[in-house]
Structure formats: C-alpha cells, structure tokens
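Structure assessment
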Amino acid sequence: MGTVFAGSVLLCVACMAIRTLIRDKKQGKSTCGGDCSRCRGCR
C-alpha cells in the first residue's frame, strides 16, 4: 500500500513538472535561463 502511495505521489510530481515545461515552451520562455548568444547547444 505504501509503495502505491509513494508511486502516485512521484507520478503527480513528474506530471506537474512536465506540464510546467510545456507551458513555458508555449510562452516562449527559455528552460536554461542562460545567455543564448553564448549557448553552444544550437550550434
């Protein structure tokens, strides 16, 4: 029973985090928070 409860809590936290990332992406917010002119991720 405790395992099911802990799994449910972790699933809810993961869903909330994914939801926040999707919402931020739709609003055009950067997930890294850094300086894009110095970013090597897109080069």
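Provided above is the structure to which this section pertains.
What counts as what
- Residues numbered from 1 in each chain as written.
- Predicted model: local features only at pLDDT ≥ 70, side-chain atom pairs only at ≥ 80, totals over all residues.
- Heavy atoms only, no water.
- Helix = DSSP H or I, 4+ residues; strand = E, 2+ residues; numbered from the N terminus.
- Buried < 20%, exposed > 50% of the residue type's maximum accessible area, 1.4 Å probe, protein only.
- Areas by Shrake-Rupley, 256 points an atom, 1.4 Å probe, with all protein chains shown as cover.
- Disulfide = S-S within 2.5 Å.
- Expected span 1.5 Å × (residues − 1).
- Patch = residues over 30% accessible without salt bridge, like charges linked within 9 Å, V, L, I, M, F, W, Y side chains within 5 Å.
- Salt bridge = Lys/Arg side-chain N within 4 Å of Asp/Glu carboxyl O.

Here we take up the overall build of the chain. In terms of helices and strands, the chain carries one helix and zero strands. For the chain, with 43 residues in total, the buried portion stands at 0%. As displayed, the chain offers around 4,300 Å² of accessible surface, 64% of which is attributable to carbon and sulfur atoms.

On inspection of all chains with the given rule, the structure shows zero disulfides. With no disulfide of its own, Cys12 lies closest to Cys15 among cysteine sulfurs, the gap being 6.6 Å. Residue classification places Cys15 among the partly exposed positions, given a relative accessible area of 45%.

Given a rise of 1.5 Å per residue, 25 residues ought to cover 36 Å, and the 36 Å separating the end C-alpha atoms of helix H1 (residues 2-26) matches this to within 8%. Residue Gly28 follows H1 closely and has a positive phi angle near 80°.

What follows concerns a nonpolar patch on the surface. Taken together, the side chains of Phe5, Val9 and Val13 make up a nonpolar region of the molecular surface, amounting to roughly 300 Å² of accessible area. With respect to the helices and strands, Phe5 occurs in helix H1.

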